[in-house]
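Summary of structural features
Here is what each chain is made of, one letter per residue.
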Amino acid sequence: MAVIGIDLGTTNSLAAYWKDGKAQLISDENGNVLLPSVVGYVEGEGYLVGSQAKERLITHPNDTAASFKRFMGTAKEYEMGGRTYTPMELSAMVLERIRRNAEYFLKEEIEEAIITVPAYFNDKQRSDTKKAARIAGLKAERLINEPSAAALAYRMQYGQEDKSLLVFDFGGGTLDLSYVECFDNVIEIIAVAGDNHLGGDDIDCLTEAWFLRESGLGEAVGIKLSGGGAGAGQQLSPELEARVRKLSEEAKCALESQAEAEMKLEIGNKVYSAVLNEEILFEICMPLFIRMKELFLHVLEDADSRVSEIDDLIMVGGSSRLKVVRRFLTELLGKEPVVLGETDKVVALGAGVYAGIRQRKEEIRDMLLTDVCPFTLGIGVAGRVNAAGNILCPMIERNSTLPASRRDRFVTTHDYQKAIDVKIYQGEEYYVDNNVFLGKLTIDVPQKPAGMAWIEVQFTYDINGILHVAVISETGERRQILLSNQALSEEELARYEKEMEKVMLPPIQQPENQEILQRLFACYENATGEKREYIAGMIGRFTYGMNSGRKRQVKDAAAEAAAWLEMLESQRDMWEEMLFDGELKAEKPEL
Ligand code: AMP
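Reference entry: report on the structure contained in this document. Owing to the predicted nature of the structure, the values given are computational and were not obtained by experimental measurement.

Cut-offs used in this document
Residues numbered from 1 in each chain as written. Predicted model: local features only at pLDDT ≥ 70, side-chain atom pairs only at ≥ 80, totals over all residues. Heavy atoms only, no water. Pairing = 2+ DSSP bridges. Helix = DSSP H or I, 4+ residues; strand = E, 2+ residues; numbered from the N terminus. Axes fitted to C-alpha atoms, helices over the stretch in contact; angles between N-to-C directions. Contact = heavy atoms within 4.5 Å. Buried < 20%, exposed > 50% of the residue type's maximum accessible area, 1.4 Å probe, protein only. Near = heavy atom within 4 Å. Polar contact = N/O pair within 3.5 Å; in protein donor to acceptor, adjacent residues only side chain to side chain. Areas by Shrake-Rupley, 256 points an atom, 1.4 Å probe, with all protein chains shown as cover. Expected span 1.5 Å × (residues − 1).

1. So, the sheet that holds strand β7 (residues 64–66)
Read from one edge of the open sheet, three strands run β6-β5-β7, paired in antiparallel fashion. A strand with exactly one partner marks an edge of an open sheet, and here the two such strands are β6 (46–49) and β7. Geometrically, the sheet is characterised by an average inter-axis angle of 15 degrees between neighbouring strands, direction not taken into account. Set on the sheet, helix α1 (residues 51–59) makes contact with β5 (38–42), β6 and β7; between it and β5 the angle comes to about 75 degrees. Against the sheet, helix α2 (residues 87–106) makes contact with β5, β6 and β7, and its axis sits at roughly 70 degrees relative to β6, the strand it touches most.

2. Topic: the environment of Val94
The residue Val94 is located in helix α2 in this model. On the accessibility criterion, Val94 (0% relative accessible area) is buried. A C-alpha to C-alpha distance of 9.1 Å links Val94 and Ala132, two positions 38 residues apart in sequence. When residues no more than four places from it in sequence are discounted, the contact partners of Val94 are Leu8, Ser13, Leu35, Ser37, Val39, Val49 and Phe68.

3. Thoughts on the site of the ligand
Taken together, 15 residues surround the ligand, and among them Gly172, Glu249, Lys252, Glu256 and Gly318 come closest. One of the side-chain N or O atoms of Lys252 is found 2.8 Å from an oxygen atom in the ligand. In the environment of the ligand, a nitrogen atom lies 2.7 Å from a nitrogen or oxygen atom belonging to the side chain of Glu256. Within the complex, the protein chains bury 89% of what would otherwise be the 510 Å² of accessible surface of the ligand. Listed by contribution, the elements that provide at least two residues to the shell around the ligand are α5 (200–215) and α7 (238–254).

4. Quick look at the sheet that holds strand β18 (residues 338–339)
Taken in spatial order, the six strands of this open sheet run β18-β17-β12-β13-β14-β19, and their pairing is mixed. Each edge of the open sheet carries a strand with a single partner, namely β18 and β19 (368–369). The sheet contact formed by strand β13 (residues 175–183) and strand β14 (residues 186–195) spans nine bridges and is antiparallel. In the strand pairing of β14, Val180 is matched with Ile189.

5. Re helix α14 (residues 551–570)
Along an α-helix, residues three or four positions apart point the same way, because every turn accommodates 3.6 residues. Compared with the 28 Å implied by 1.5 Å per residue over 20 residues, the 28 Å span of α14 between its first and last C-alpha is a close match. Within the span of α14, buried status applies to Arg552, Val554, Ala557, Ala558, Glu560, Ala561, Trp564, Leu565, Met567 and Leu568.

Put into structure tokens, the structure is as follows:
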């Protein structure tokens, strides 16, 4: 029984597995590794998945569905063969085909799949991805973020040096940026930011509007186009729209290897044409570049970093092949981005590496991939006077390292209130109504004047996207809810809670760090004057690092303090000499 990694892409999907010390791609019976994420229906024949379905996009747009990943987690429906399908069901068909291809290729049953998702997928989108996997006959306990998978693939390719990376994952439907730190065998995702509606499809859409304007086709079919004209194709017939869109995508892709691309469309006895080149495409993409720049600022701010601290910018995703995008990034960052092999295969290869880690394969079993929570999780609380509704009180902020846990106390807002409703939300908006509602817990409280009765709320969010919320009243009564995409039994819940207890021990309270802290305290007690002040500074740095919430900083703080203590204890004389010669500055001593 094998474990595989799957990149379930907007445009193409593909799979990889771990073999002979590296991730390898899985091909179908014709040797193709890319499976177009397209599903079609043929009267009398049934369903087609992949390239055969893609070919029918032009001829039978009403019986073919593509780019459905963009609408994962929404109520959008696709009509085909007399019934409707959700994006989740269509994704299940793609996953099923991948499973079958992999079983054929590996000549064994697939036990489990690691599926990649855009970092910015919310809980519902993740849950629908898991459901799609289940329908496809795959166990998919672990979803990993696409940029994290790319960072894993980068690490395997470029060795073990410590580095700060920015992964720029630009696909057909989404752009995800992730700030990643790599050190030792740890890949730590520090912050993510993304846009679910910014991808190669948007470039095609803008190019299509440009073509309609330039070639005169827009005018001929009675469409008024101004400026950017995104969405201009709305009034074209579905057949014509599909033809112009395909033409636009082909011209865009052709610019990878040629200076210009002629776009030509014959309708009746009339030919509509225009010539696209890099300069024009750069102009066309400008509105998207502005949005990209904002995302860069967002992720750097969340990571508390700056451009100069990025060692490498890694480009992945099909749209990273666009020269205009590379040019824009080089201008923005002042350095050339790194392009990892074939950009559309990197994520799948990273998922294949993870499949190896999951199977605890010798060469990589100690590798650790951390992740962050891409959105804020919190509860609704009463707003200030005149507030237009309840406001969100964040419990786990976006970009917290996972697993994350927080406990807080809340009081009643009304006199002699009998119970408190704890409503759980996900999102970044001020008012709860603008965020995604996840669930509710109600707990009784002793009837007291407003503000006198209290409850404690504990949020724990783990690396598999399972949110555990517990509410404890001052009487000791407890209510809890597990918000996950899988129904868990009581037994599993108990086991889960036990595991979480370990997680909830913060670094500063872990035994090895407690020992360091006690040694630092002992030094402090034994010292006086300037030396004591210096040790106080070291204690401050150590505790700051421990509480930073970042694995890298925790590790650095522990290493610095341990080395310093060792030096102090073993070379006391030299140390004191240095100290009193005034050579020692407030920062880290050179060891
Ligand atoms: P992905 O979702 O990563 O599979 O990326 C798919 C997107 O990459 C689509 O929008 C494609 O049009 C785009 N793409 C694929 N090949 C190229 C290319 N050579 N140049 C520009 N864009 C490309």
